[in-house]
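# Structural overview
Below, each chain spelled out in residue letters.
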Amino acid sequence: MKMLVLNGPNLNMLGTREPEMYGTQTLDELMAELIAYGHERDVVIKVLTSNFEGELIEALHQAAGRYDGVVFNPAAYTHYSIALRDAVACCEVPVIEVHLTDITAREEFRATSVIAPVCHAQFSGGGIASYKRGIDALIDS
Ligand code: DQA
(Lines give C-alpha, C1' and ligand atoms only; values in the text may rest on other atoms or scores of the structure.)
Protein backbone atom coordinates (compact mmCIF):
# COMPACT_ATOMS: atom_id res chain seq x y z
CA MET A 1 0.00 0.00 0.00
CA LYS A 2 0.98 3.61 -0.49
CA MET A 3 -0.13 6.31 1.95
CA LEU A 4 0.18 10.07 2.16
CA VAL A 5 0.89 11.62 5.55
CA LEU A 6 -0.20 15.23 5.43
CA ASN A 7 0.87 17.71 8.13
CA GLY A 8 -0.63 21.18 8.51
CA PRO A 9 0.63 24.50 9.86
CA ASN A 10 3.30 24.88 12.54
CA LEU A 11 4.01 21.16 12.71
CA ASN A 12 7.31 21.90 10.95
CA MET A 13 8.27 23.67 14.19
CA LEU A 14 8.04 20.54 16.37
CA GLY A 15 11.12 20.12 18.51
CA THR A 16 11.15 23.75 19.60
CA ARG A 17 7.41 24.49 19.43
CA GLU A 18 5.81 24.40 22.91
CA PRO A 19 7.92 21.38 23.97
CA GLU A 20 5.93 20.97 27.19
CA MET A 21 2.91 20.27 24.96
CA TYR A 22 4.42 18.54 21.94
CA GLY A 23 7.70 17.09 23.21
CA THR A 24 11.19 17.70 21.92
CA GLN A 25 11.31 15.42 18.88
CA THR A 26 11.43 17.18 15.53
CA LEU A 27 8.90 16.48 12.80
CA ASP A 28 11.66 14.81 10.75
CA GLU A 29 12.40 12.44 13.65
CA LEU A 30 8.71 11.62 14.13
CA MET A 31 8.18 11.07 10.40
CA ALA A 32 11.28 8.83 10.19
CA GLU A 33 9.76 6.67 12.96
CA LEU A 34 6.47 6.55 11.05
CA ILE A 35 8.12 5.65 7.74
CA ALA A 36 9.91 2.77 9.51
CA TYR A 37 6.58 1.67 11.05
CA GLY A 38 5.04 1.66 7.57
CA HIS A 39 8.00 -0.21 6.09
CA GLU A 40 7.49 -3.06 8.60
CA ARG A 41 3.91 -3.32 7.34
CA ASP A 42 4.70 -3.09 3.60
CA VAL A 43 3.31 0.44 3.48
CA VAL A 44 5.18 3.11 1.53
CA ILE A 45 4.70 6.50 3.18
CA LYS A 46 5.09 9.86 1.51
CA VAL A 47 5.12 12.87 3.84
CA LEU A 48 3.95 16.33 2.81
CA THR A 49 4.04 19.20 5.30
CA SER A 50 2.68 22.66 4.55
CA ASN A 51 1.77 25.87 6.31
CA PHE A 52 -0.54 26.77 3.43
CA GLU A 53 -4.20 25.76 3.30
CA GLY A 54 -4.31 25.71 -0.52
CA GLU A 55 -1.34 23.37 -0.74
CA LEU A 56 -3.04 20.93 1.66
CA ILE A 57 -6.25 21.16 -0.41
CA GLU A 58 -4.38 20.39 -3.63
CA ALA A 59 -2.62 17.42 -2.03
CA LEU A 60 -6.04 16.02 -1.07
CA HIS A 61 -7.36 16.62 -4.62
CA GLN A 62 -4.40 14.72 -6.05
CA ALA A 63 -4.42 11.82 -3.58
CA ALA A 64 -6.81 9.56 -5.53
CA GLY A 65 -4.92 7.30 -7.91
CA ARG A 66 -1.63 8.02 -6.15
CA TYR A 67 -2.33 6.78 -2.63
CA ASP A 68 -4.55 4.21 -0.93
CA GLY A 69 -5.34 6.63 1.90
CA VAL A 70 -4.31 9.78 3.74
CA VAL A 71 -3.30 10.28 7.38
CA PHE A 72 -3.99 13.96 7.99
CA ASN A 73 -3.05 16.25 10.86
CA PRO A 74 -4.76 19.51 9.84
CA ALA A 75 -3.27 21.23 12.95
CA ALA A 76 -5.06 24.53 13.72
CA TYR A 77 -7.10 24.26 10.49
CA THR A 78 -8.91 21.37 12.21
CA HIS A 79 -11.00 23.82 14.15
CA TYR A 80 -12.24 26.15 11.41
CA SER A 81 -11.31 25.26 7.83
CA ILE A 82 -14.47 24.45 5.90
CA ALA A 83 -12.33 24.49 2.73
CA LEU A 84 -10.26 21.58 4.05
CA ARG A 85 -13.39 19.78 5.22
CA ASP A 86 -14.80 20.08 1.69
CA ALA A 87 -11.52 18.81 0.21
CA VAL A 88 -11.63 15.76 2.51
CA ALA A 89 -15.31 15.21 1.64
CA CYS A 90 -14.51 15.00 -2.07
CA CYS A 91 -11.34 12.96 -1.61
CA GLU A 92 -11.90 9.56 -3.21
CA VAL A 93 -9.57 7.72 -0.83
CA PRO A 94 -10.10 7.34 2.93
CA VAL A 95 -8.76 10.11 5.14
CA ILE A 96 -7.95 9.61 8.84
CA GLU A 97 -7.60 12.69 11.07
CA VAL A 98 -4.82 12.52 13.65
CA HIS A 99 -3.49 14.75 16.43
CA LEU A 100 -0.45 14.50 18.64
CA THR A 101 -2.28 16.01 21.62
CA ASP A 102 -5.75 15.26 22.95
CA ILE A 103 -7.75 18.07 21.36
CA THR A 104 -10.67 17.41 23.72
CA ALA A 105 -8.52 18.08 26.79
CA ARG A 106 -7.14 21.51 25.83
CA GLU A 107 -8.75 24.91 25.20
CA GLU A 108 -12.46 24.73 24.43
CA PHE A 109 -11.96 25.98 20.86
CA ARG A 110 -9.79 22.94 20.08
CA ALA A 111 -12.43 20.40 21.13
CA THR A 112 -14.37 20.90 17.89
CA SER A 113 -13.08 19.46 14.64
CA VAL A 114 -14.97 20.62 11.56
CA ILE A 115 -13.04 18.00 9.56
CA ALA A 116 -13.59 14.83 11.63
CA PRO A 117 -17.22 14.28 10.49
CA VAL A 118 -16.02 13.65 6.90
CA CYS A 119 -13.03 11.50 7.92
CA HIS A 120 -13.09 7.72 8.30
CA ALA A 121 -11.77 8.00 11.86
CA GLN A 122 -9.98 10.35 14.25
CA PHE A 123 -7.11 9.47 16.61
CA SER A 124 -6.02 12.13 19.07
CA GLY A 125 -3.71 12.38 22.05
CA GLY A 126 -1.23 9.58 21.44
CA GLY A 127 1.70 11.54 20.04
CA ILE A 128 3.14 9.69 17.04
CA ALA A 129 1.06 6.65 18.08
CA SER A 130 -2.00 8.59 16.81
CA TYR A 131 -0.43 8.54 13.34
CA LYS A 132 0.42 4.83 13.68
CA ARG A 133 -3.20 4.08 14.56
CA GLY A 134 -4.15 6.01 11.44
CA ILE A 135 -1.85 3.82 9.32
CA ASP A 136 -3.34 0.68 10.92
CA ALA A 137 -6.89 1.93 10.27
CA LEU A 138 -6.08 2.48 6.58
CA ILE A 139 -4.54 -1.01 6.32
CA ASP A 140 -7.81 -2.42 7.74
CA SER A 141 -10.10 -0.24 5.57
C1 DQA B 1 -2.62 19.55 16.79
C2 DQA B 1 -3.70 20.16 17.69
C3 DQA B 1 -4.18 21.49 17.13
O4 DQA B 1 -5.16 22.07 18.00
C5 DQA B 1 -3.03 22.47 17.05
O6 DQA B 1 -3.45 23.67 16.45
C7 DQA B 1 -1.86 21.90 16.31
C8 DQA B 1 -1.47 20.51 16.57
C9 DQA B 1 -2.03 18.25 17.37
O10 DQA B 1 -1.46 17.49 16.61
O11 DQA B 1 -2.12 18.03 18.59
O12 DQA B 1 -1.15 22.60 15.60
O13 DQA B 1 -3.21 19.23 15.54
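The sections below set out a description of the structure shown in this document. The shown structure was predicted, so the numbers you read here are calculated from the model rather than taken from an experiment.

### Describing the nonpolar core
By size, the foremost hydrophobic cluster in this structure holds 22 residues, and its most contacted members are Val 5, Met 31, Leu 34, Tyr 131 and Ile 135. Only strand 1 (2–7), helix 2 (27–40), strand 4 (95–99) and helix 5 (128–140) provide two or more residues apiece to this core. Top contributing element to this core by residue count: helix 2, with 5 residues. Apart from residues lying up to four places away in sequence, Tyr 131 is in contact with Val 5, Asn 7, Leu 11, Met 31, Leu 34, Val 71, Asn 73, Val 98 and Leu 100. Of all hydrophobic cores here, the second largest spans 20 residues; its members include Leu 4, Tyr 67, Phe 72 and Leu 84.

### Quick look at the pattern of salt bridges
Following the criterion strictly, the structure yields 6 salt bridges and no others. A salt bridge links Arg 17 to Glu 18, with the shortest nitrogen-to-oxygen separation between them at 3.9 Å. Exposure remark for Arg 17: the relative accessible area of 18% places this residue in the buried category. Take Glu 18: its relative accessible area is 36%, and that puts it in the partly exposed class. We note a salt bridge from Arg 106 to Glu 107, for which the minimum N-O separation is 3.9 Å. With a relative accessible area of 18%, Arg 106 lands in the buried category. In the salt-bridge network here, residues are joined through shared partners; they are Glu 40, Arg 41 and Asp 136.

### Some remarks on the environment of Ser 130
Structurally, Ser 130 is set in helix 5. On the accessibility criterion, Ser 130 (3% relative accessible area) is buried. The spatial distance from the C-alpha of Ser 130 to the C-alpha of Pro 117 is 17 Å, given a sequence separation of 13 residues. Engagement of the side chain of Ser 130 in a polar contact is seen with the backbone oxygen of His 99, the distance being 2.8 Å. At 2.9 Å, the side chain of Ser 130 and the backbone nitrogen of Gly 126 are in polar contact.

### Some details on helix 3 (residues 53–61)
Within the span of helix 3, buried status applies to Leu 56, Ile 57, Ala 59 and Leu 60. With its buried residues spanning 160° around the axis, helix 3 presents them on a single face. Contacts from the buried residues of helix 3 go to strand 1, strand 2 (44–49), strand 3 (69–73), helix 4 (82–89) and strand 4.

### Focus on the site of the ligand
Close to the ligand lie Arg 17, Tyr 22, Asn 73, Ala 75, Ala 76, His 79, His 99, Leu 100, Thr 101, Ile 103, Arg 106 and Arg 110. Contact between the ligand and Arg 17: an oxygen atom at 2.9 Å from a side-chain N or O atom of the residue. In this structure, an oxygen atom belonging to the ligand sits 2.8 Å away from a main-chain N or O atom of Leu 100. Here the ligand, which alone exposes 320 Å², has 99% of that area covered by the protein. Residue composition of the shell around the ligand, grouped by class: 5 nonpolar, 4 polar and 3 charged.

### Description of the environment of Tyr 37
Its location among the elements puts Tyr 37 in helix 2. For the pair Tyr 37 and Thr 101, spaced 64 residues apart in sequence, the C-alpha to C-alpha distance is 20 Å. Residues in contact with Tyr 37, not counting those within four places in the same chain, are Lys 132, Ile 135 and Asp 136. Here the side chain of Tyr 37 touches Asp 136 through a polar contact of 2.8 Å, side chain to side chain.

How each quantity is defined
Residues numbered from 1 in each chain as written. Predicted model: local features only at pLDDT ≥ 70, side-chain atom pairs only at ≥ 80, totals over all residues. Heavy atoms only, no water. Core = buried A, V, L, I, M, F, W, Y, C linked by side-chain atoms within 4.5 Å. Buried < 20%, exposed > 50% of the residue type's maximum accessible area, 1.4 Å probe, protein only. Helix = DSSP H or I, 4+ residues; strand = E, 2+ residues; numbered from the N terminus. Contact = heavy atoms within 4.5 Å. Salt bridge = Lys/Arg side-chain N within 4 Å of Asp/Glu carboxyl O. Polar contact = N/O pair within 3.5 Å; in protein donor to acceptor, adjacent residues only side chain to side chain. Arc of directions from axis to C-beta. Near = heavy atom within 4 Å. Areas by Shrake-Rupley, 256 points an atom, 1.4 Å probe, with all protein chains shown as cover. Nonpolar A, V, L, I, M, F, W, Y, C, P; charged D, E, K, R; others polar.

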